[in-house]
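Each chain, written out:
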Amino acid sequence: MTLSRILRGSVRRAIRRAGYDIIRLSPEEQAVYAERERLDSTTTLASVFGPELAKLDELRARYSRVKLPIALHSVWGARAGASGGSPDIGHGGLDLRYFRSDNAYVWSYATSSQRLAKLTYFIFMQETLRKDSMRLLQRLREDGAFGCLSVEFDGGGRISRDLLESVIELNFLHRHWGILTAGNLRVLDIGAGYGRLAHRMLEATDGVVSYTCVDAVPESTFLSDFYLRHRGLGGCARVLPMDELEQQLRPGEYDLALNVHSFSECTYTAVDWWLRKVREIGVRRLMIVPNDERRFLTAEADGTRRDFAPLLKELGYRIVATEPVYDDPLVRRLTEQNHVMFLFESEA
């Protein structure tokens, strides 16, 4: 046995004792990582957004002057120093250059192995197909733009977490309310992120007459406006800045409000403001996907959690439908993906 082989064995044993391991990348995986390194060295914020970056600076300045409870963040407060010239915001940070990658907006099942990632996505694709009664996976497409982590299957097209969970959420809403065949639907998306669900819903149905994205984070407002226009949906959706909410959110203009994984990353006072605003403007139906499978918990600045279920009850919202994102309990247990979708309806 050569000395180099003995040394490699010793190093690997030491690493395994620490709870890690070394794997050999396949030629395909090496090519993927080489391409990522090339993109990192050549991609800048200016090359992605061009002169529109000035809008982001303006939004940051405007949001810093807002005194509403929703402007005080416990998770999404900006901290300087992240890569790509972007603020470090949310769990895991955010590189604006690759805002659809594995980041604070969407955890994309990233692993060190392309083979393991492909297996994971295959499992989730099969689960999605079982719930996809409207055959949205055959109609909606993933192109991997803006760093979106995706995998491709022969005969199955390219898929991503963005696509899979959007398909599941839209099918849930259709099963319990018929949104994909209804007309004149008016949607308010609270905590819209980069506009993921707006993009998918507007492509899935032409029955949406208005879709409004709102978010208390300036980067999210900037990205959703940029992304929806990039997808050619700027005429169908509007992005409402935080400092215009009190004037622009009017009674009788919305049929459905959405909140997917956003309230779970807000303070109680922020959730209280949003829910009272939704009730005030007469939104009768509300879809919430919390981060906890059983409870509706906020994220307080001191690290504690607070239950906002009593607030929903106080405001007259009752659960009319609930489903796990993935039905198979074994899949949920093995992948630790236990999220549940809830549809509420308010009293008249």
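Conventions we followed
- Residues numbered from 1 in each chain as written.
- Predicted model: local features only at pLDDT ≥ 70, side-chain atom pairs only at ≥ 80, totals over all residues.
- Heavy atoms only, no water.
- Helix = DSSP H or I, 4+ residues; strand = E, 2+ residues; numbered from the N terminus.
- Buried < 20%, exposed > 50% of the residue type's maximum accessible area, 1.4 Å probe, protein only.
- Phe/Tyr/Trp six-rings, centres within 6.5 Å; stacked < 30°, edge-to-face > 60°.
- Lys NZ or Arg CZ within 6 Å of the ring centre and 35° of its normal.
- Salt bridge = Lys/Arg side-chain N within 4 Å of Asp/Glu carboxyl O.
- Pairing = 2+ DSSP bridges.
- Axes fitted to C-alpha atoms, helices over the stretch in contact; angles between N-to-C directions.
- Patch = residues over 30% accessible without salt bridge, like charges linked within 9 Å, V, L, I, M, F, W, Y side chains within 5 Å.
- Areas by Shrake-Rupley, 256 points an atom, 1.4 Å probe, with all protein chains shown as cover.
- Left-handed = near helix turned anticlockwise from the far one by under 90°.
- Contact = heavy atoms within 4.5 Å.

*Asks:* What should I look at first to understand unusual backbone geometry in this one?
*Replies:* With the exception of glycine, the majority of residues adopt a negative phi angle, and the majority of peptide bonds are in the trans configuration. Unlike most non-glycine residues, phenylalanine 146 shows phi in positive territory, near 60 degrees. Tracing the backbone through its elements, the reader meets phenylalanine 146 in the loop between helix 6 (136–139) and strand 1 (150–153). Despite not being glycine, asparagine 184 shows a phi value in the positive range, around 60 degrees. Secondary-structure assignment places asparagine 184 in the loop between helix 7 (161–177) and strand 3 (185–190). Given a relative accessible area of 59%, asparagine 184 falls into the exposed group.

*Asks:* I tried to follow the packing of aromatic side chains on my own but got confused; where do I start?
*Replies:* Centre-to-centre distance and the angle between the planes together describe a pair of aromatic rings. In the structure shown here, the tally under the stated rule is 21 aromatic pairs. Between phenylalanine 146 and phenylalanine 226, the ring centres sit 5.7 Å apart and the planes meet at 75 degrees, which makes this aromatic pair edge-to-face. Here phenylalanine 146, found in the loop between helix 6 and strand 1, pairs with phenylalanine 226, found in helix 9 (residues 218–230); they are 80 residues apart in sequence, far enough to count as distant. Grouped by ring-pair contacts, the aromatic residues Phe49, Trp76, Phe99, Tyr105, Phe146, Tyr194, Phe222, Phe226 and Tyr227 constitute a single cluster. Its end group placed over the ring of phenylalanine 153, lysine 118 keeps NZ or CZ at 5.6 Å from the ring centre.

*Asks:* How should I be thinking about the pattern of salt bridges in this particular structure?
*Replies:* Opposite charge on two side chains allows them to pair when their charged atoms are near. Taken as a whole and assessed by the stated rule, the structure comprises 31 salt bridges. Close ionic contact of glutamate 58 with arginine 62 constitutes a salt bridge, the shortest N to O distance being 3.5 Å. Highlighted residues: glutamate 58 and arginine 62, both in helix 4 (residues 53–63), separated by four residues, approximately one helical turn. The partly exposed category is assigned to glutamate 58, whose relative accessible area is 44%. The closest approach of N and O atoms between arginine 100 and aspartate 162, which form a salt bridge, is 3.2 Å.

*Asks:* Got a minute to help me understand the sheet that holds strand 3 in this structure?
*Replies:* The strands that make up a sheet are held in pairs by hydrogen bonds between backbone atoms, and each pair lies either parallel or antiparallel. Spatially, seven strands are ordered 5-4-3-6-7-9-8 in an open sheet, and the strand pairing comes out mixed. Looking at the sheet topology across the chains shown, the edges are occupied by strand 5 (237–240) and strand 8 (317–324). Across the sheet, the mean angle from the axis of one strand to that of its neighbour is 20 degrees, orientation sign disregarded. Note that strand 4 (residues 208–214) and strand 5 share four bridges and pair parallel. When the bridges of strand 5 are listed, valine 214 appears paired with leucine 240.

*Asks:* I tried to follow the pairing of strand 9 (residues 340–346) on my own but got confused; where do I start?
*Replies:* Each regular strand displays side chains that alternate between the two surfaces of the sheet. For strand 9, the buried fraction is high: seven of the seven residues fall into the buried class. Looking at chain direction, strand 7 (residues 285–289) and strand 9 are connected through four bridges and run antiparallel. What sits directly across from arginine 285, in strand 9, is glutamate 345. Sheet analysis places strand 8 next to strand 9, joined by seven bridges and oriented antiparallel. Residue isoleucine 319 lies in a different strand from strand 9, and its bridge partner there is phenylalanine 344.

*Asks:* Would you take a moment to explain a nonpolar patch on the surface for this structure?
*Replies:* Taken together, the side chains of Leu116, Leu119, Phe122 and Ile123 make up a nonpolar region of the molecular surface, amounting to roughly 340 Å² of accessible area. Considering the arrangement of structural elements, one finds leucine 116 in helix 5 (residues 114–131).

*Asks:* Honestly, the packing of helix 4 against helix 9 in this entry has me stumped. Any pointers?
*Replies:* In a packed pair of helices, the relevant descriptors are the angle between the two axes and the axis-to-axis distance. Closest axis-to-axis distance for the helix 4/helix 9 pair is 8 Å, and the angle between their directions is 145 degrees. Considering only the axes of helix 4 and helix 9, their crossing is right-handed. Residue-level inspection shows Leu53, Lys55, Leu56, Leu59, Arg60 and Tyr63 of helix 4 in contact with helix 9, the latter providing Pro218, Glu219, Thr221, Phe222, Asp225 and Arg229.

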